[in-house]
Amino acid sequence: KVLSPGLQLIESFTSFALFFFILELGSLAFVFRTRFFAQMGYCIDSIILVVCIVCEIRTGGEKTLRLLAFLRVWRIARIVATCVNAAEAHHEGTKSNLQEVLGREEKLKAQLMIFEENNTVEISHRKQLEKMLNGYKEEIETLGEALKIAAQDVAMAGYESTASNKTSTTSAQVLVDEDGDAFFDDEM
């Protein structure tokens, strides 16, 4: 029987796929041992594979029996479904992490608002305190000037009273230093 090149390619691919599935299921059975048969999917794959091998050997690969090989397509669908489920599980994990991060972000924003409000209140209190301190400084300077003037007046009054009480010709001179303190100089 002579086959066209396209059919030869399909037949070669089918044989390769059959060989690949034998290797895959054999390695899974070796790794999982008795748990391999606990999985319904692996059992169905094994049955389809055995039927395909028997049909290939007995009939020499008739087209009607080769259609059974198309049942292996459901395995691809199962693999795709498994991948989709894994991706969804990963997505759910990422989604929960995102929700957690967003929750922490909201808490941090609330704390930031509280800190900014406290900072604003603190700045306001500092400005009021600085204003009071400046007022006290001005009052102290005013009182200092008033004290200097009062000290000079007392010194002058004391000088005048001593000058009027003195009968001698010597007179005392009043000296005032840079701090506003008055001194009498009797050595004249």
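Here the structure is a predicted model, which is why all the values come from computation and not from measurement. (Residues numbered from 1 in each chain as written. Predicted model: local features only at pLDDT ≥ 70, side-chain atom pairs only at ≥ 80, totals over all residues. Heavy atoms only, no water.)

Q: So what's going on with the overall build of the chain? Residues and values would help.
A: Of regular secondary structure, the chain possesses four helices and two strands. Listed N to C, the secondary structure of the chain is α-α-α-α-β-β in terms of helices and strands. Taking all 188 residues of the chain together, 13% fall into the buried category. Relative to all contacts within the chain whose residues are 6 or more apart in sequence, the contacts with residues 24 or more apart total 42%. Surface accessibility of the chain: about 15500 Å² in total, with carbon and sulfur atoms responsible for 65%. (Helix = DSSP H or I, 4+ residues; strand = E, 2+ residues; numbered from the N terminus. Buried < 20%, exposed > 50% of the residue type's maximum accessible area, 1.4 Å probe, protein only. Contact = heavy atoms within 4.5 Å. Areas by Shrake-Rupley, 256 points an atom, 1.4 Å probe, with all protein chains shown as cover.)

Q: Go over the pattern of salt bridges with me, naming the residues and quoting the values.
A: Within the structure shown, the criterion is met by three salt bridges. Residue E105 pairs with K109 through a salt bridge whose shortest N-O separation is 3.6 Å. Here E105 pairs with K109, and both are found in helix α4 (residues 73-165), just four residues apart, close to one helical turn. Taking the shortest distance from any N to any O, the salt bridge between E122 and R126 comes out at 3.8 Å. (Salt bridge = Lys/Arg side-chain N within 4 Å of Asp/Glu carboxyl O.)

Q: Provide a residue-level description of a nonpolar patch on the surface, including the pertinent values.
A: On the surface, L129, M132, L133, Y136 and I140 cluster together into a nonpolar patch covering about 530 Å² of accessible area. Secondary-structure assignment places L133 in helix α4. When its relative accessible area of 47% is taken as the criterion, L133 is described as partly exposed. (Patch = residues over 30% accessible without salt bridge, like charges linked within 9 Å, V, L, I, M, F, W, Y side chains within 5 Å.)

Q: Any details on the confidence of the model for the chain? Residues and values, ideally.
A: Mean pLDDT for the chain: 81, with 81% of residues reaching 70 or above. Across the chain, α4 holds the top mean pLDDT of 90, while helix α3 (residues 63-66) sits lowest at 52. (pLDDT = per-residue confidence, 0-100.)

Q: How would you sum up the nonpolar core? Please name residues and give values.
A: Ranked by size, the top nonpolar core spans nine residues in total: L18, F21, L25, L28, F36, Y42, I48, L49 and C52. Mapped onto this core, the elements with two or more residues apiece are α1 (5-32) and α2 (40-59). (Core = buried A, V, L, I, M, F, W, Y, C linked by side-chain atoms within 4.5 Å.)

Q: Go over the packing of aromatic side chains with me, naming the residues and quoting the values.
A: For the coordinates displayed, the defined rule picks out four aromatic pairs. Between F36 and F37 the ring centres are 5.1 Å apart and the planes differ by 90°, which places this aromatic pair in the edge-to-face class. By relative accessible area, F36 is classed as buried at 2%. Ring centres of F36 and Y42 lie 5.2 Å apart, and the angle between their planes is 5°; on these two criteria the pair is classed as stacked. (Phe/Tyr/Trp six-rings, centres within 6.5 Å; stacked < 30°, edge-to-face > 60°.)

Q: Now, about the environment of G180: what can you tell me, with residues and values included?
A: Structurally, G180 is set in the loop between β1 (173-176) and β2 (182-185). Judged by relative accessible area, which is 5%, G180 ranks as buried. For the pair G180 and A150, spaced 30 residues apart in sequence, the C-alpha to C-alpha distance is 9.5 Å. For G180, the contacting residues outside a window of four places in its chain are K148 and A151.

Q: Which residues make up unusual backbone geometry, and what values do they have?
A: Across residues other than glycine, the phi torsion is negative in most instances, and most of the peptide bonds are trans. For R33, which is not glycine, the phi dihedral falls at a positive 50°. With respect to the helices and strands, the residue R33 is situated in the loop between α1 and α2.

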